[in-house]
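# Inside the fold
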Amino acid sequence: MTEKILSPSEKILTSRRKFLTAGAVGGVATLAAPAIVKAQAPIRWRLQTYSGAPLGAHVIKPQVDAFNAAANGEMEIELYYADQLVPTGELFRAMQNGTIDAVQSDDATMASPVDISVFGGYFPFATRYALDVPALFAYYGLNEIWAEAYGEVENVTWLSSGAWDPLHVFTKDPIRSLADMRGKRVFGVPTAGRFLSQYGLIPVTVPWDDVEVALQTGELDGVAWCGFTEAYEVGWADLCNYALTNSMTGAWFGSYFANTESWNAVPAHLQQLYRSTIDQSHYYRAQWYWGGEAQLRVEGEKMELTSLPDDEWAQVNADAQVFWDEIAASSPRAGKVVDAFKAYAATMEAAGYPYR
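In this report, we go over the structure that sits alongside the text. Please read all numbers here as calculations on a predicted model, not as lab measurements.

## Some thoughts on the sheet that holds strand β3 (residues 102-105)
Sheet architecture is open: 5 strands sit in the order β2-β1-β3-β10-β4, paired in mixed fashion. The open sheet has two edge strands, β2 (75-80) and β4 (156-163), and neither has a second partner. Taken over all neighbouring pairs, the strand axes of this sheet differ in orientation by 20 degrees on average, direction set aside. Pairing of strand β1 (residues 43-49) with β2, which is carried by 6 bridges, proceeds in the parallel orientation. Paired with R44 across the bridge in β2 is E76. Relative to the sheet, helix α5 (residues 132-139) contacts β4 and β10 (253-259), its axis offset from that of β4 by approximately 135 degrees. Sheet strands in contact with helix α11 (residues 268-299) are β1, β2, β3, β4 and β10, and its direction is about 25 degrees off that of β4.

## Focus: unusual backbone geometry
Following Y353, the chain continues into P354 via a peptide bond in cis, with omega recorded as 5 degrees. One can find P354 in the segment after α13 (332-351). Phi is positive for D83, which is not a glycine, with a value near 70 degrees. Among the structural elements, D83 can be located in the loop between β2 and α4 (91-96). We note that N155 has phi near 65 degrees; this positive angle belongs to a residue other than glycine. As for its placement among the helices and strands, N155 is situated in the loop between α6 (142-151) and β4.

Conventions used here
- Throughout, residues of each chain are indexed from 1 in the direction in which the sequence is written.
- Where local features are concerned, this predicted model is filtered to residues with pLDDT of at least 70; where side-chain atom pairs are given and counted, the filter is 80 or more; whole-chain, interface and lining totals use all residues.
- Side-chain numbers come from the whole structure's heavy atoms, not from hydrogens or water.
- A pair of strands is treated as paired once DSSP finds two or more bridges between them.
- Numbering of helices and strands runs from the N terminus, with a helix taken as a DSSP run of H or I at least four residues long and a strand as a DSSP run of E at least two residues long.
- Axes, fitted as lines to C-alpha atoms, cover a helix only where it is in contact. Angles between the N-to-C directions of the axes lie from 0 to 180 degrees.
- Every residue pair with non-hydrogen atoms within 4.5 Å of one another is taken to be in contact.

Take a look at the structure:
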C-alpha cells in the first residue's frame, strides 16, 4: 500500500493529535499541570541609628533609601532613629540578641564590650580632618584591629567605619578660657566627655530627642557632641549662644554593625549592595560635613565664635598625649590603635602641606 503524503497543515494536525492521545487517561486528554512558582518573601531588617530624625536624614536615611530601591523587592530595611526601639546605650545588646538586625553608631555610645570601644566617637586629637579616618582604617591597620576585636564577640559583625564631623563645644554662656568650662553641664559622647571633664565640664547623658528641652530648661548648659553642621541642622544652635572654635578632634569615628545571624542570612549580592550603600553614605557625609562646617563658621549668625588662649590650647594638646598613653596601657590592642595614631600623626606632619 502506498503511504499517503501529508500536506504541511495535515502534519501539524497529526502532531497535535499524537500529543493529546499520549496523555490521555480513560479516553480523556490530560495536560501536565503548570509549575507554580511561589514568590519568596523579602528579607526584612530593623536598623536603629544613634541619631535623631533631623540628623538621621543626612547620616543614614539616604543609605537606607538607596539600598531599599536597589534591592528590587528582595530585601527591605526599616529605619529607626535614636531610642525609638531600644535606648541608645542598649543598642549593642539588642543587636546581639536579634531584637534589631543592624546598628549605625560609634562603639562608645552604644557600650560595645570590646577593648577598643573608647576610640569610637571622639578620641581627643586622633584626627584633624575627615579623610584621616578612612586613611587610618585603610593604611594604618584599623580595619584589621576592628575586625579582630568584634570577631571575638558572639553574634555581632562589624562592617565598616567612616568619618562624621569635628567636635566643638557649644554653650549658652561663653568659654574663653579653660576656667570657663568649670561646672558647665554638657551633653556629649563618652570619650570626649571623659577627657574634657578634667577641665571641669560635667558630661550629662539624656536621650537624644530630649537635648533641646534640656537646654531650654537649664538642665544642660551646652553640648559637646558635634560640629557646626549638626548644631544648626538639629536646632541646638538656636539655643546655644557661643561656639568654641578649638576642635578637640577632627572627626567622629562611626561604624555600621549587623547581627551575625541576620547578616549570614542575606545573599552575597545583597551583602555587597549593603556594603556599597554604606560607602555611598560615607561619601555623602564627607561632603555634607566638610562644606557645612566651613560655610557655617563664616556665614552662620546664630552663635558667637570664641577661642582659648594659645598657651591654654597648647596645654590641652599636651594633656591629650597623656590621655593617649593612659588608654594605650589599658590593653595590648588599645596600644596598637594608639601606636597607629602616633605613626599617622608623624607621617602627616612630615608630609606637610596639604596634610598638615
